[in-house]
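# Residue-level structural notes
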Amino acid sequence: MTIDTTASPDAPTAPHGTPGARALAAALEQFDAAAAYLGLDPGLRDVLRVPQREFVVRFPVKLDDGSVRVHTGYRVQHNVSRGPAKGGLRYHPQVDLDDVRALAMWMTWKCALVDVPFGGAKGGVSCDPRTMSPKELEAVTRRFATEIEPIIGPDSDIPAPDAGTTAQVMAWIMDTVSMHRGYSVPGVVTGKPVSIGGSAGRADATGQGIVYTIEHAARRLGFGLDGATVAVQGFGNVGEAAARLLHEAGARVVAITDVGGGVMSADGLDVAALGRRFAELGSVAGAPDTEPIDNETLFGLEVDVLVLAALEGQVTAANAGRVRARILAEGANGPTDPSADPILHAAGVSVIPDILCNAGGVIVSYFEWAQNRAALAWTREEVNGRLRSQILSAADAVWQRAAAERIPPRLAAHAIAVERVADATRLRGLYP
Ligand code: NAD
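Residues numbered from 1 in each chain as written. Predicted model: local features only at pLDDT ≥ 70, side-chain atom pairs only at ≥ 80, totals over all residues. Heavy atoms only, no water.

## Thoughts on the pattern of salt bridges
For the structure on display, the rule yields 29 salt bridges. Across the pair glutamate 138 and arginine 142 runs a salt bridge, and its minimum N-O distance is 2.8 Å. Taken together, the residues span about one helical turn, with glutamate 138 and arginine 142 both in helix H4 (residues 134-148) at a distance of four residues. What makes arginine 142 partly exposed here is its relative accessible area of 25%. Through salt bridges with shared partners, one network takes in Arg90, Asp99, Lys122, Asp162 and Glu312. (Salt bridge = Lys/Arg side-chain N within 4 Å of Asp/Glu carboxyl O. Helix = DSSP H or I, 4+ residues; strand = E, 2+ residues; numbered from the N terminus. Buried < 20%, exposed > 50% of the residue type's maximum accessible area, 1.4 Å probe, protein only.)

Here is the structure:
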């Protein structure tokens, strides 16, 4: 186990480097814009611009064929002034230190914006879970959990699912930590299965939050979800739930893409059937009674709502001009490059910024953590009611600030979040 002290996000890799370097450059550009707008004290700006702690681990795992593979894993805690670090674990070949730094910083702002008592963190392993057997996935997870155990815990840093990880992965982490401690530690992760202390409503929470923020934005634009047309990029934890819940709310989901391809139907897709197909085959591509569609065509569809629920950096200056949607809902983290923002703004596309749009997951993770600490189990109705009120009060704050100060919603969201984190950091002062 090593602590990487060499790399510094002060000098991010050029924007044309890896996807992770581009994500970090985007996160820093957004932070710098908010810090400049707020006139943040330069010392505080320097503190908030860099992660507080970066943990890099390398560990061997035996594969099913008997060979050994060394994996690299990461856990980055960006800021813990407002509470324990919180953020997902990603299993994806693109995971690297810059990627995790960017995602950890976005978690700090997200937790502050929706006012849950957490700081921001993120972690992951560079691997491709789609090519791994369940046994290999469990072995990677248990060993990674062991490696990062010194810095995670219910009072210090609480992981959750992200791209490539699931409730089952969280169950293995919870069990590994519990075995080491000699007693059950349910609060060490959120997004667990309900039968071992997970929260009702957590599996759909990110998608549900996306639906609430879209309803809120649509109301401001004078339309409702009933009959609205929707296109969705990404059909995993987030995209599948968002598509299904939008369909249940009366919207017509006309296009969906995933990593294996895409499907389209002007009459509306059978979202439930596509969910079953994705679970079985790993892609919606080729589903009966649909036409194929690629991402670039999906981005250019004339729909009411475009939901981006795949990965970072999808809409850039190169393709932002194609977007015809009235609302662009950022279900993924960082799906819109900062270079695309002015183009979308000029075209009148209403962007729901990621740190608001996809915050339903961390809000219900907070509920799960609080239920674990109090040994309580709320109903799904109670969870969704609290989620709705918490995410909508953040949405109101964002749109009110954007209108009052005539700034784009993304800058308004970051300004609110950075102000809160700066305030907490200032109040706590410097140690020693
Ligand atoms: P996931 O791995 O469950 O699903 C990702 C989906 O994106 C898959 O359907 C995959 O096929 C698709 N995809 C990948 N590359 C694509 C491409 N080039 N074109 C089209 N589709 C592509 O991941 P997830 O947990 O749903 O996370 C998706 C995004 O949402 C990430 O940015 C993640 O950080 C963010 N997020 C997740 C949660 C959560 O609770 N899981 C919460 C907040 C934000």
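## Description of the nonpolar core
Formed by 83 residues in total, the largest nonpolar core has its most connected members in Trp109, Leu113, Ile214, Ile256, Val307 and Ile352. Counting residues domain by domain, this core receives three or more from each of domain 1 (2-27 + 35-196) and domain 2 (205-352). The next biggest cluster of nonpolar side chains, apart from the first, holds 25 residues, and it includes Phe59, Phe144, Trp172 and Val189. (Core = buried A, V, L, I, M, F, W, Y, C linked by side-chain atoms within 4.5 Å. Domains from an automatic or database assignment.)

## Considerations on the sheet that holds strand S6 (residues 229-233)
Read from one edge of the open sheet, seven strands run S9-S8-S7-S6-S10-S11-S12, paired in mixed fashion. At either margin of the open sheet sits one strand with a lone partner, and together these are strand S9 (291-292) and strand S12 (350-352). Across four bridges, strand S10 (residues 305-308) lies against strand S11 (residues 327-330) in parallel orientation. Residue pairing in the sheet places valine 305 in a bridge with isoleucine 327 of S11. (Pairing = 2+ DSSP bridges.)

## Side note on the packing of aromatic side chains
On inspection of all chains with the given rule, the structure shows eight aromatic pairs. Both rings, one in phenylalanine 235 and one in phenylalanine 278, keep their centres 5.7 Å apart while their planes meet at 85°; by these two values the pair is edge-to-face. Within this pair, whereas phenylalanine 235 is found in the loop between S6 and helix H7 (237-248), its partner phenylalanine 278 is found in helix H8 (residues 271-281), the two being separated by 43 residues in sequence. Pairing phenylalanine 367 with tryptophan 378 gives two aromatic rings, centres 5.5 Å apart and planes at 50°, and the pair type is tilted. In this pair, phenylalanine 367 is assigned in helix H12 (residues 360-374) and tryptophan 378 in the loop between H12 and helix H13 (380-405), connecting sequence segments eleven residues apart. Residue placement shows arginine 220 over the ring face of tryptophan 399; its charged tip is 4.1 Å from the ring centre. Seen from the ring of tryptophan 378, arginine 386 lies directly overhead, with NZ or CZ sitting 4.0 Å from the centre. (Phe/Tyr/Trp six-rings, centres within 6.5 Å; stacked < 30°, edge-to-face > 60°. Lys NZ or Arg CZ within 6 Å of the ring centre and 35° of its normal.)

## Side note on helix H1 (residues 19-38)
The end-to-end C-alpha distance of H1 is 29 Å, a good match for the 28 Å that 20 residues give at a rise of 1.5 Å each. Those residues of H1 not exposed but buried are Gly20, Ala21, Ala23, Leu24, Ala25, Ala26, Ala27, Leu28, Gln30, Phe31, Ala34 and Ala35. Contacts made by the buried residues of H1 are with helix H2 (42-49), helix H3 (97-113) and helix H14 (409-428). Positive phi shows up at glycine 39, right after H1, with a value of about 65°. (Expected span 1.5 Å × (residues − 1). Contact = heavy atoms within 4.5 Å.)

## Considerations on the site of the ligand
Looking at the ligand, there are 24 residues lining it, with Arg90, Asp162, Asn237, Val238 and Asn333 nearest. Here an oxygen atom of the ligand sits 3.5 Å away from a polar atom, N or O, in the main chain of alanine 163. Taking 830 Å² as the accessible area of the ligand by itself, protein coverage stands at 86%. Elements with a contribution of two residues or more to the shell around the ligand: H7 and strand S7 (252-258). Broken down by class, the residue content of the shell around the ligand amounts to nine nonpolar, eleven polar and four charged. Lining the shell around the ligand are residues from two domains, each supplying at least three of them: domain 1 (2-27 + 35-196) and domain 2 (205-352). (Near = heavy atom within 4 Å. Polar contact = N/O pair within 3.5 Å; in protein donor to acceptor, adjacent residues only side chain to side chain. Areas by Shrake-Rupley, 256 points an atom, 1.4 Å probe, with all protein chains shown as cover. Nonpolar A, V, L, I, M, F, W, Y, C, P; charged D, E, K, R; others polar.)

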